[in-house]
Amino acid sequence: MNNITPNNICFIITTYNPQKDFEDNIKPLLKYNKQIYIFDNNSNKKNVLKNLKNIEVFFCNKNQGYASGVNYFIKKKINDHEWFCMLDQDSILDLKYLEYINKFVDFTKSNIGLIGTNVKYKNMNKKLINFKTSKKIIRQKTLICSGTLINRSIIKKFGYLKDDFFMEYIDVEYCLRIEKQKYSNYITNTAFLNQSFGNNEKYYFLGKQISIDNHEPIRYFYRSRNFKYCIKKYFTYETKEILTHMLNFLKMYIKIVFFENYKLKKTYFIVKGFLTKL
């Protein structure tokens, strides 16, 4: 693996009905390099994307999901770039991230997997992970898609994201696929990514603030179905990590029961997901 430069990296963004501020979100990327690729999942309003300049946009005639969008451009551009950076449509990336990676990651190691950034959630005023260490780069078995860097050598060795996941646990599955083969994923201590956390709502219970996802009910079908796949595939190899995700899943459902709307519908989709074969 080589250091990251404007000439060997590209940014891939999968969109679905992006907001009007989308263009402002990606302006810093354009100043850094012109290699930005957008896969649009049949958005209802495409004007935001049609007005973009110096960006390659593919307008899909149906919603194929997050993984398919990323895979489309990785496959198309695999010979043009060494590094691929995935981004969500509401993500704002501080490009000091790339300088930080070059400074603190030892690319001479032969078992480097994925590299991701910590996240600052602007609608929660908190970080994804509050590490109790001064280390700049930290081992982290699972990362989120947005802001994660994939080297071409990793793609050639481990393949692409799972298209049939559509959404949810795409990142977890790919990370565990890599960790299973004794490669190591890393995350920055500093948060270089700023974005919103779902449809976040805040409640207070016994004096403690609780953050609620409150996603659309159908999303929980993919969450449970894809998580079941990860349990079956990786529990033996990454038991501790899977148990952590199980606990998080349980916490999520408890919040649904006590705080969220459409409790029965969400429960229905969770059960349906677990019963559906993938």
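Notes on the structure follow. (Residues numbered from 1 in each chain as written. Predicted model: local features only at pLDDT ≥ 70, side-chain atom pairs only at ≥ 80, totals over all residues. Heavy atoms only, no water.)

**Examining the nonpolar core**
Here comes step 1: Ile12, Ile74, Leu114, Ile150, Ile154, Tyr174 and Cys230 are the most contacted members of the largest nonpolar core, which totals 43 residues.
Here comes step 2: Every element with two or more residues in this core is listed here: β1 (9–15), β2 (36–40), α3 (66–77), β4 (83–87), α5 (152–158), α6 (170–180), α7 (217–234) and α8 (239–259).
Here comes step 3: When residues in this core are grouped by element, the largest group, 6 residues, is from α6.
Here comes step 4: Residues within four places of cysteine 230 in sequence aside, it is in contact with Phe165, Tyr169, Val172, Glu173, Phe235 and Ile242.
Here comes step 5: Grouped together as the second largest cluster of nonpolar side chains are 32 residues, Ile13, Tyr100, Phe107 and Phe192 included. (Core = buried A, V, L, I, M, F, W, Y, C linked by side-chain atoms within 4.5 Å. Buried < 20%, exposed > 50% of the residue type's maximum accessible area, 1.4 Å probe, protein only. Helix = DSSP H or I, 4+ residues; strand = E, 2+ residues; numbered from the N terminus. Contact = heavy atoms within 4.5 Å.)

**Side note on helix α1 (residues 22–32)**
Each full turn of the α-helix corresponds to 3.6 residues, which orients residues three or four apart in the same direction.
Here comes step 1: Along α1, the residues classified as buried are Phe22, Asn25, Ile26 and Leu29. Summarising the axial view, the buried residues of α1 lie within an arc of 80 degrees, below the 170-degree limit, and thus occupy one face.
Here comes step 2: Contacts made by the buried residues of α1 are with β1, β2, α2 (47–50), β4 and β5 (92–93). (Arc of directions from axis to C-beta.)

**Focus: unusual backbone geometry**
Here comes step 1: With phi around 65 degrees, asparagine 54 is a residue other than glycine that occupies positive phi space.
Here comes step 2: For asparagine 54, a relative accessible area of 56% translates into the label exposed.
Here comes step 3: In this structure, lysine 182 is a non-glycine residue whose phi angle is positive, near 70 degrees.
Here comes step 4: Take lysine 182: it is sitting in the loop between α6 and β10 (184–195).
Here comes step 5: Classification of lysine 182 as exposed rests on a relative accessible area of 69%.

**Comments concerning the packing of α7 against α8**
Here comes step 1: The contact between α7 and α8 brings their axes to 10 Å, and the two run at 160 degrees. When the axes of α7 and α8 are compared, the pair comes out roughly antiparallel. Considering how the two elements wind past one another, α7 and α8 form a crossing that is left-handed. Contacts from Tyr220, Arg223, Ser224, Phe227, Cys230, Ile231 and Tyr234 in α7 reach Thr239, Ile242, His245, Met246, Phe249, Met252 and Ile256 in α8.
Here comes step 2: Looking at the contact of α7 with α8 residue by residue, the class counts come to 10 nonpolar, 3 polar and 1 charged. (Axes fitted to C-alpha atoms, helices over the stretch in contact; angles between N-to-C directions. Parallel < 35°, antiparallel > 145°, perpendicular 65-115°, else oblique. Left-handed = near helix turned anticlockwise from the far one by under 90°. Nonpolar A, V, L, I, M, F, W, Y, C, P; charged D, E, K, R; others polar.)

**Comments concerning the packing of α7 against helix α9 (residues 263–275)**
Here comes step 1: Where α7 contacts α9, the two axes come as close as 7 Å, and the packing angle between them is 30 degrees. It follows from the interaxial angle that α7 and α9 lie roughly parallel. Seen from above, α7 lies across α9 with right-handed handedness. Contacts between α7 and α9 involve Pro217, Ile218, Tyr220, Phe221, Ser224, Arg225 and Lys228 from the first element and Lys265, Lys266, Phe269, Ile270, Lys272, Gly273, Phe274 and Leu275 from the second.

**Thoughts on the packing of aromatic side chains**
Here comes step 1: For the structure on display, the rule yields 18 aromatic pairs.
Here comes step 2: An aromatic cluster of at least three residues, connected via ring pairs, comprises Tyr37, Phe39, Phe58, Tyr72 and Phe73.
Here comes step 3: In this structure, lysine 272 packs its charged tip against the face of phenylalanine 221, placed 5.8 Å from the ring centre. (Phe/Tyr/Trp six-rings, centres within 6.5 Å; stacked < 30°, edge-to-face > 60°. Lys NZ or Arg CZ within 6 Å of the ring centre and 35° of its normal.)

**Quick look at the environment of leucine 176**
Here comes step 1: Turning to its location among the elements, leucine 176 is positioned in helix α6.
Here comes step 2: Residue classification places leucine 176 among the buried positions, given a relative accessible area of 0%.
Here comes step 3: Along the backbone, leucine 176 and tyrosine 253 are 77 residues apart, and their C-alpha atoms lie at a distance of 23 Å.
Here comes step 4: Among residues more than four places away in sequence, those in contact with leucine 176 are Thr142, Tyr234, Glu238, Glu241 and Ile242.

**Description of empty space enclosed by the protein**
Here comes step 1: On inspection of all chains with the given rule, the structure shows 1 cavity of 30 Å³ or more.
Here comes step 2: Put simply, the largest cavity is a space of about 40 Å³.
Here comes step 3: In terms of lining, the largest cavity is formed by Met86, Leu114, Leu143, Ile144, Cys145, Thr148, Leu161, Asp171, Tyr174 and Cys175.
Here comes step 4: Class assignment of the residues belonging to the lining of the largest cavity gives a composition of 8 nonpolar, 1 polar and 1 charged. (1 Å grid on protein atoms, 1.4 Å probe; cavity = no way out; pocket = protein on both sides within 12 Å on 5 of 7 lines; lining within 4 Å. Points joined across faces, edges and corners; volume = space filled by probe spheres on them.)

**Section: the pattern of salt bridges**
Here comes step 1: This model, assessed by the stated rule, comprises 11 salt bridges.
Here comes step 2: Between aspartate 164 and lysine 162 there is a salt bridge whose closest N-O contact spans 3.5 Å.
Here comes step 3: Given a relative accessible area of 39%, aspartate 164 falls into the partly exposed group.
Here comes step 4: What makes lysine 162 buried here is its relative accessible area of 18%.
Here comes step 5: Here glutamate 168 ties to arginine 223 by a salt bridge, and the two come within 3.2 Å at their closest N and O atoms. With glutamate 168 in the loop between α5 and α6 and arginine 223 in helix α7, this residue pair connects regions lying 55 residues apart in the sequence.
Here comes step 6: The buried category is assigned to arginine 223, whose relative accessible area is 10%. (Salt bridge = Lys/Arg side-chain N within 4 Å of Asp/Glu carboxyl O.)

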